[in-house]
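# Notes for the structure review
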Amino acid sequence: MSRGGRHAYGALSVLAAGALVLTGCSKGGSDSDEGSKKQQDNAKRQQASIKFGDADASTGPAAAVPGAKPGGTMEVLQRDTYAHLDPGQIYVSDEGSLASLLHRGLTGYKATSNDGSKHEVVGDLATDSGTTTDGGKTWKFTLKDGIKFQDGSPITSKDVRHSVERLFAPFINQGPTYLQQWLADKPGTEYRKLLKDGPYKGKHLPGSVLETPDEKTVVFHFKTPHPDLPYALAMAGYAVVSQKGDTKERYDKAPVVTGPYKIQSFKSGKSMVLVKNTNWDPKTDPIRHQYVDRFNITFNQQYETSTKALLADTGADQTGVSFNNQVDAGNLSQVLRDPKMKTRTVSGYQPYVGQMNINMSHPAMKDKTVREAIAYALPITPFVRAYGGNDAMEVAGGLISPTVSGYDAAFDPWGKKKKPAGDPAKAKELLKKAGKLNMKLTFGYINTPEGQQYSTAMAAGLKKAGFNVQRQEIPAETYYDQVSKLDNNYDIFHTAWGADWPSASTVIPPLYDGRVIADGAQNYSQVNDPKINSEIDRINKITDPVKSAAEWEKLDQYIVKDSLNVVPTAYYKQTQIAGSKVGGLVYDDVLGGIDPRRLYLK
């Protein structure tokens, strides 16, 4: 999923000795030996196996957070308002963090350590993480007793069926598509043909695809094995929606929730208030807590604003936190090196890879020489500097993160690791060769202080190469909605993506399969390369994870070097801060940031 934008946990599943485990490969970088060791340790912990839990592991309540006590109001400072609250539309990191308090699915990630470093996939609404007897072609889930929506109505298999079937409806266009494609056994957007209007015109998925024989039982049938299903179902995008309470498009602003908190009020762009959901039963939930009475969320708090407020640590800010805002670039070095701040900060290495998309639907961008000029000219230094330098990110060569199997540290076709400031002279030669000196280049950028800073400097670098760069601002809260529109006028724009589990199968297909080009989909560059499409189909059939990782990396290199529809920018890290009265503060590897479910007030 993307950052600022989407993110989910990455992992590579391996069927061995009768059990599914996750493996990964990770490597980090920093300015100092100490920083480098921390990054390596952080990477190693993300490589730890994550097993599928049994019924005992899936039984609530969640293990108590040491020292935690109930009560109080917590202030939450957020940069962006929430564009989507409907689970089916959630594929963005900040919405995913909020969803951890509001929504529940059949499975979920349970922290098995108090530092957010160890996890197990367990049954959330289901009694366990699912059972399969045929290698992943058939999966059975049984619902727990006593699970309810916020209105007190019981959650049944009919709600699960409805939640799955509505994902095929045309208005659901922002969330993940793994489950839909697996059920339809079709690539790209062809899955919609299986149930083109969703359940809203009285039609349903056949029993050969999805069975709900009684109120407690859900059975998925796939034509080919999908041993990763419990990981996919743990995504916020597959949380349960109330059949009775489904208001279609309007559900996106007022969902009927299942988690420990419900929405008392929501003023888009201004504020949100979360209060306890009295119909949430902790005995059914092995993952979440309900320590805080109330979360007061305020939007439009830029990184610098929230950092300064939490550093000052006075008044309400003592009980303050941000679920997603990072420490701003100007204060990052000071915060990381101040021993007094150690108990109030968390840091982690994230699976995101930044990339500058080149809009392949625009005629001028179809000229590969022009794209090569963009690749050589684009300076990465301003982007890294805007977020805090090497403490915040590392210059990227390819599209596969150091936290994902297949990562190749040596791959750097455009020389960004050696020349992060770009090579405008070489780029200008290419533009001359193409006869395109002074060609117009529309640069869409996110309207935040960081976005303004890096886009201004990046535009200057492109201008040195001979481009006539026109910057266009895009509101932060709707940024991904805007750049995922097919008919947008941006020639280049930046996005970031994190693996949904550490396999490049959750990176390359959603981003670069030409058959997923659609409004709201994640093929932002609108690339439709027959070789990429056919290689995706071929590699997806490889069951050996080591072999598939090597093949994904080959395809990664083809995309960056030959197809050249994107230019990789950076691998991400994150540091967050909280007020002195906030307890339960940990960096959760799965969420890629602070875990809201553990927070309490001291």
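So, here is what we can say about the structure in this document. Here the structure is a predicted model, which is why all the values come from computation and not from measurement.

This model, assessed by the stated rule, comprises 25 salt bridges. The residue Lys-51 makes a salt bridge to Glu-120 at a minimum N-O spacing of 3.9 Å. Of this pair, Lys-51 sits in the loop between α1 (33–46) and β3 (73–77) while Glu-120 sits in strand β5 (residues 119–123), and the two are 69 residues apart along the sequence. By relative accessible area, which is 49% here, Lys-51 ends up partly exposed. Glu-120 sits in the buried class, given a relative accessible area of 9%. The partner of Asp-281 in a salt bridge is Lys-283, and the shortest N-O contact between them spans 3.4 Å.

We now examine the sheet that holds strand β12 (residues 320–321). The sheet built from 5 strands is open, its strands ordered β9-β10-β11-β3-β12 with mixed pairing. The open sheet has two edge strands, β9 (261–267) and β12, and neither has a second partner. Summarising the sheet, strand β10 (residues 271–276) and strand β11 (residues 294–298) pair through 5 bridges and their orientation is antiparallel. Considered in β11, the bridge of Val-275 is made with Arg-294.

Further remarks concern the environment of Asp-80. Secondary-structure assignment places Asp-80 in the loop between β3 and α2 (93–102). With a relative accessible area of 8%, Asp-80 lands in the buried category. Measuring from C-alpha to C-alpha, the distance between Asp-80 and Asp-293 comes to 23 Å, with 213 residues separating the pair along the chain. There is a polar contact of 2.9 Å between the side chain of Asp-80 and the side chain of Arg-79.

The rules we used
- Residues numbered from 1 in each chain as written.
- Predicted model: local features only at pLDDT ≥ 70, side-chain atom pairs only at ≥ 80, totals over all residues.
- Heavy atoms only, no water.
- Salt bridge = Lys/Arg side-chain N within 4 Å of Asp/Glu carboxyl O.
- Helix = DSSP H or I, 4+ residues; strand = E, 2+ residues; numbered from the N terminus.
- Buried < 20%, exposed > 50% of the residue type's maximum accessible area, 1.4 Å probe, protein only.
- Pairing = 2+ DSSP bridges.
- Polar contact = N/O pair within 3.5 Å; in protein donor to acceptor, adjacent residues only side chain to side chain.

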